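Letter by letter, the chains look like this.
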Amino acid sequence: MLDTHDTNDAVIKISSLCKWFGQFKVLTDVDLEVRKGERVVICGPSGSGKSTLIRCINRLEEHQSGHIWVNGLEMTDNIKNIEAIRRNIGMVFQSFNLFPHLTVLENLTLGPTLVRQMKKKDADALAMQFLEKVCIPEQAHKYPLQLSGGQQQRVAIARSLCMEPEIMLFDEPTSALDPEMIKEVLDTMIELADSGMTMIVVTHEMGFARTVANNVVLMADGQIVETGPPESFFGNPQHERTRTFLDQILKH
Amino acid sequence: MQDHYHAAPTGRNKPRSLHDLLYSKAIRTTFYQVLMAVAICALGLFLYNNVVDNLTRQNIATGFSFLGQVSNFEIGEKLIPYTPRSTYLNALMVGLVNTLVVSAAGIIIATVVGFMVGIARVSGNWMLERLALTYVEIVRNVPVILQAIFWIVVLRNLPPPKNAFVLGEFGFLTNRGLYFAAPASTPVHFWMWLALAFGIVACIIGTVAARRYREVTGRYVDMLLPGLALILGLPFLVWLVAGAPTEISYPVPKGFNYVGGVSISPEFTALLIGISMYASGFIAEIVRSGIQATPKGQVEAARAIALKPRFIMRYVILPQAMRVIVPPLTSQYVSLIKNSSIAVVVGYPDLVNIGNTMMNQTGQAVEAIAVMMIVYLGISLTASLVMNLFNRFVAIKER
C-alpha cells in the first residue's frame, strides 16, 4: 500500500499532532508512540485535550496537522483507511453509548454481522463468549436501560471486544459511575490488560494507572507534559506541573 | 401487637363534626364535580329545547329523513355515479369520497416532500440546508387558506383551452384544468396493476428472506435494486408479454375543451398543493427534530465499530428517530384531513362544500352540521387509530 509508513514496532504513532476547535487550539504538537501490548494511561486536568487526543485516533475528531499511523496505515480523509483503522480499534465511552433500542445481545452482534459479515449464529456465540468474560451472560436479552451503570459499561466493553480489535481506547470509562460500580469495571479492564490487549486509557483512577500502566502520560493545555513508567511518574515526577497535578488528586 | 402495626386505625379520616364536614377535601371535590355535571346537563337541555322550539316555530321538520330526498344539483367532480336526480345522501357520499381522495393524496405528497426536506435540513450540505430552511419557513408561515387561494389564482390565470400552455403534445395547461397524455386504456392495464401488487408483496418477502440469509450466512444483500426491479419490472414484463401496447391517448381540443388523456381540475390541484405543501413544512421540522433528537454519542458509538453511514442511518438513527417522529406526524395527518375542508374557497366539491349546498337548500342546518362533524370525527379518529397501531410497531421497548 502506498500510504503505509514504517513505524518500527509501534502500533500507534502520533507525530506533531495539532487540532483546533475554531480559534481555540486544543492539541499542540503531540507526539506519542504505543507499542503492541502496551498500556498507556493519559491523565491531566479537564480541558487538557486528553479525550480529544484519543478521539483523533479513530477519527471521531479530525486533526488539522500532524500525522497518526495505526499499524503503519495513516489516518487521513480516505474513507477506506478510516474504516480499516476503526475496525481494528475498539472504544469505550464515558456515557456508555449503548444502543437503547437493541437488546444487549443485539448491541454486541450489530458490528460483527454488519461490518465483519459474520453469520448470526456465530456472532451470537461470539457475543455470549464476551458476555461471559465481562460476567453478565444472564443479561443478554435485556435492554441496556434495564441494567445498572456498571453493567452497561461492561456491555459496552464487550461490544467493542466483539469486533476483536487489536487496540482499545477508553475515554474516562468510570467517570459516570457510582463509586461502588467503579471496581467492577476496573476489574474487567485489568483482566483485559492481563490478556495482552493494547490499551490507551484516559482516566483519573490513579490506582489503576499505578498497577496496570506501562506508561503514564500527563497532558495539560493541549500538550504532553510528562511521560514515564508509573514508578518514576508517581515516585519522582520531573515537572512542576506533574507535581501540582498529583498533589491535587492524591491529597485526599 | 400485630394489629397495632398492620391495621389502619379505623375512623380516623371520617369527619366527626359539621366543621370537619365543611372542610373535608373528599367531600368538597365530590361536591364540585356534581355541581359541574348538573351545570353541563342543564346547559345541554336548555340548548336542545331552544333548538326544538325554534324549529317548530319556523315549521322546519327535524330528523334525517331529508337525506332521502332528490338533491337537484350537479356536482362538478365525482368519482362515484351521481346525477342531480340522486339523493342528498348520494351527494354527501360524493363529497366524502372527494375529501378522502384529496386527503390521501395530500398525506402521501406531504410525507414524501416532508421527509426529503427534513433530511435535507440536516444533510450537512450548506446550499441544501438553506434551501430547505427557506422552503419550510415560507410554507409553514403563510396561512393554508391563503396558499390554496394563491394556487387557484395561478391556475385560473393559465390561458383558456384554445391557446393553452402546451407541453409538447403530452400536456396542455389551461384555466379549465391540466390535461396530460396517458397510455390508452387496454385490458392489459388491469394485469399490470395486478403485477405491481404482486411485485410489492414479492419485494416484502424478498426483504425478509434477505434478512434471514444475512442471519444464516453473514452476507449482507442490499435489497434496494432487486426490490425496485421486482416492483417495476413485473408490470413491465406483463406489458412486454402482452405485446407491448404503446398506444397513447393524447388530449385533443374538442369544442371548448379537451378529450382523451387524463385531466386534473384546477380546484383539486390548488387544494392538493395548498394543503400538502403546508403540512410538508411541519413534517420536515418533525423529521429534522427526530433525527437531531438522537444523541450524538449514538452516532459516535456506531462509527467506533466501523459501521458505514447508511447502516448508521438505518440501524441506529432512524429506529430511534421514528419514536420521536410518529406521534406528532399523526397530528399533522389529522390536521391535513381537516384542512381539506378549505375546499370551499377554491370550489372543490368536498364534504363541507356539498354539505353547505345541502344545508342551504333544505334548511336542515343542525342535522347537516351534525352529519359533517360526525364524519370528520370518524375519519380523524380512524387516521389516529391507524397511526397509533403503526406507532406501537415502531415504538421500541427499552425497559
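This one's a predicted model, so the numbers in the text were calculated from it and none came from an experiment. (Residues numbered from 1 in each chain as written. Chains lettered and ligands numbered in written order. Predicted model: local features only at pLDDT ≥ 70, side-chain atom pairs only at ≥ 80, totals over all residues. Heavy atoms only, no water.)

K.L.:
Hey, could you run me through helix α5 (residues 126–141) of chain B in this one?
P.N.:
Helical geometry note: an α-helix holds 3.6 residues per turn, so side chains three or four residues apart project in the same direction. Residue and element names in this part refer to chain B. Here α5 is 16 residues long and its end C-alpha atoms lie 22 Å apart, about the 22 Å a rise of 1.5 Å per residue gives. Looking at α5, one finds that the buried residues are Glu 129, Ala 132, Val 136 and Val 139. Down the axis of α5, the sector holding all buried residues measures 115 degrees, keeping them to one side. Residues of α5 that are exposed and angled more than 90 degrees away from the buried face: Trp 126, Met 127, Leu 131, Ile 138 and Asn 141. On its buried face, α5 sits against α4 (88–121), α6 (144–156) and α9 (266–293). Where α5 starts, the residue carrying a side-chain oxygen 3.1 Å from the main-chain nitrogen of Met 127 turns out to be Asn 125. (Helix = DSSP H or I, 4+ residues; strand = E, 2+ residues; numbered from the N terminus. Expected span 1.5 Å × (residues − 1). Buried < 20%, exposed > 50% of the residue type's maximum accessible area, 1.4 Å probe, protein only. Arc of directions from axis to C-beta. Contact = heavy atoms within 4.5 Å. Polar contact = N/O pair within 3.5 Å; in protein donor to acceptor, adjacent residues only side chain to side chain.)

K.L.:
How should the sheet that holds strand β8 (residues 262–264) of chain B be read in this particular structure?
P.N.:
Two modes of strand pairing occur in sheets, parallel and antiparallel, and in both the strands are linked by backbone hydrogen bonds. Residue and element names in this part refer to chain B. Read from one edge to the other, the open sheet built from four strands follows the order β1-β2-β3-β8, with strand pairing classed as antiparallel. Where the open sheet ends on each side, the last strands, each with one partner, are β1 (165–167) and β8. On average, adjacent strands in this sheet sit at an angle of 15 degrees to one another, irrespective of strand direction. Direction of pairing for strand β3 (residues 177–180) relative to β8: antiparallel, over a ladder of three bridges. The residue of β8 that forms the bridge with Phe 180 is Val 262. (Pairing = 2+ DSSP bridges. Axes fitted to C-alpha atoms, helices over the stretch in contact; angles between N-to-C directions.)

K.L.:
What exactly am I supposed to notice about the packing of aromatic side chains here?
P.N.:
Describing an aromatic ring pair means giving the distance of the ring centres and the angle of the ring planes. Evaluated as defined, the whole model comprises 11 aromatic pairs over all chains. With a centroid separation of 5.2 Å and 80 degrees between ring planes, the pair formed by Phe 233 of chain A and Phe 234 of chain A is classed as edge-to-face. The rings of Phe 66, Phe 73, Tyr 82 and Tyr 88 of chain B are connected pair by pair, giving a single aromatic cluster. Here the guanidinium or amino end of Arg 210 of chain A rests over the ring plane of Phe 234 of chain A, the centre of that ring lying 4.5 Å away. Positioned over the ring face of Phe 311 of chain B is Arg 310 of chain B, at 4.9 Å from the centre of the ring. (Phe/Tyr/Trp six-rings, centres within 6.5 Å; stacked < 30°, edge-to-face > 60°. Lys NZ or Arg CZ within 6 Å of the ring centre and 35° of its normal.)

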